[in-house]
Amino acid sequence: MNNNVLFEEDVALSNQSSDDIFAKINYPAIFDLLKHPLPDNRAGILDFLEKERILERQGPVYAITNLGAILFAKDLRMFPSLERKGVRVIHYKGKDRLRALKEDVFYEGYAVVFEALIDRIWDQLPANEIIKDALRVEEKMYPKLAVREIVANALIHQDFFIRGAGPLV
């Protein structure tokens, strides 16, 4: 890690072949999220990823940036400096943290897994049953938008330089 470089611009993995890139980065998700058409060849995909600062060309090989890895990794455990940054979602019984009912760890890059992460948290939230238009409807106690904002802030504002800890919800 270079102290003069921002975290997202620093290198997560260097010396990667194009095959390594396609094995470690969920590149279709990048094109989907950016609503950009997928190029019809590997060179076009790699050029686009380089322009988006997901990769850096290093002669005949590539480096995957921290930005590319943390957002679009197929599995963060493939990146030694980010392997503990998977998001843990724990559902506890009661108000204390003595008994965990279920724990899920999301190892994919944050942009790739964000919707599934929000859905998983949303499913665990308490709800009230109300009568609406003569039907019983389950209404969550918190707005989904608030949950999205809290989780997004927790992911974005964590200290990425602390290697032994990742976000916990």
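Along each chain, residues carry numbers from 1 onward, in the same order as the chain's sequence is written. It should be noted that, the model being predicted, local features are given only for residues of pLDDT at least 70 and side-chain atom pairs only at 80 or more, the latter also being counted only at that level, while totals for whole chains, interfaces and linings use all residues. The side-chain values count all of the structure's non-hydrogen atoms but skip hydrogen atoms and water molecules.

**Digging into the overall build of the chain**
Strands are runs of DSSP state E lasting at least 2 residues, helices are runs of H or I lasting at least 4, and numbering of each runs from the N terminus. The helix and strand inventory of the chain stands at six helices and seven strands. Each helix and strand of the chain, placed in order from N terminus to C terminus, yields the pattern β-α-α-α-β-β-α-β-β-α-β-β-α. Expressed as lengths along the three principal axes of its C-alpha atoms, the size of the chain is roughly 65 × 35 × 25 Å. With a 1.4 Å probe rolled over the protein chains alone, any residue whose accessible area is under 20% of its type maximum counts as buried; one over 50% counts as exposed, and the rest are partly exposed. Looking at the chain as a whole, 33% of its 169 residues qualify as buried. Any two residues whose heavy atoms approach within 4.5 Å at even a single point are treated as in contact. Contacts in the chain between residues at least 24 apart in sequence constitute 56% of all its contacts with a sequence separation of at least 6. Accessible surface for the chain amounts to roughly 10700 Å². Of this, 52% is attributable to carbon and sulfur atoms. Charged residues are defined narrowly, with Lys and Arg counted positive, Asp and Glu counted negative, and His plus the chain ends left uncounted. Every charge is mapped to an atom, namely NZ of Lys, CZ of Arg, CG of Asp or CD of Glu. Between the centroid of the 23 positive side chains of the chain and the centroid of its 26 negative side chains there is a distance of 6 Å. Methods summary: accessible areas were calculated by the Shrake-Rupley approach with a probe of 1.4 Å, and residue burial reflects only the protein chains presented.

**Focus on the sheet that holds strand 1 (residues 11-16)**
Paired strands, as defined in this entry, are two strands with at least two bridges between them according to DSSP. Taking strand neighbours across the sheet as the criterion, the three strands line up as 1-3-2 in an open arrangement whose pairing is antiparallel. Each end of this open sheet is capped by a strand with a single partner; those strands are strand 1 and strand 2 (55-58). Each neighbouring strand pair of the sheet contributes to a mean axis angle of 20°, computed without reference to strand direction. Relative to strand 3 (residues 61-65), strand 1 is paired through three bridges, and the arrangement is antiparallel. Each residue of the ladder has a partner; that of Val11, found in strand 3, is Thr65. Lines fitted to the C-alpha atoms define the axes, with helices restricted to the stretch that makes contact. Angles between their N-to-C directions range from 0 to 180 degrees.

**Some remarks on the pattern of salt bridges**
We define a salt bridge as a side-chain nitrogen of Lys or Arg found within 4 Å of a carboxyl oxygen belonging to Asp or Glu. Counting across every chain of the model gives 11 salt bridges. Across the salt bridge formed by Arg57 and Asp47, the nearest N and O atoms sit 3.1 Å from each other. One end of the pair, Arg57, is in strand 2; the other, Asp47, is in helix 3 (residues 42-51), with 10 residues separating them in the sequence. Taking the shortest distance from any N to any O, the salt bridge between Arg148 and Glu115 comes out at 2.8 Å. Of this pair, Arg148 sits in helix 6 (residues 144-156) while Glu115 sits in helix 5 (residues 110-124), placing them 33 residues apart in sequence. We classify Arg148 as partly exposed; its relative accessible area is 29%. Salt bridges linked by common partners bring Asp47, Glu50 and Arg57 together as one network.

**Some points on the side chain of Gln16**
Locating Gln16 in the fold gives a position in strand 1. For Gln16, the side chain forms a polar contact with the side chain of Lys24, separated by 2.7 Å. When neighbours within four sequence positions are excluded, Gln16 is seen to be in contact with Ile21, Lys24, Val61, Tyr62 and Ile64. Two N or O atoms count as a polar contact when they lie within 3.5 Å, although within protein this holds only if one can serve as hydrogen donor and the other as acceptor, and sequence-adjacent residues are included solely when both atoms are side-chain atoms.

**A closer look at the environment of Ile121**
One can find Ile121 in helix 5. Its relative accessible area of 8% is what places Ile121 among the buried residues. On a C-alpha basis, the gap between Ile121 and His91 in space is 8.7 Å, while along the polypeptide they are 30 residues apart. In this structure, Ile121 is in contact with Val89, Val147, Val151 and Val169, ignoring residues within four places of it in sequence.

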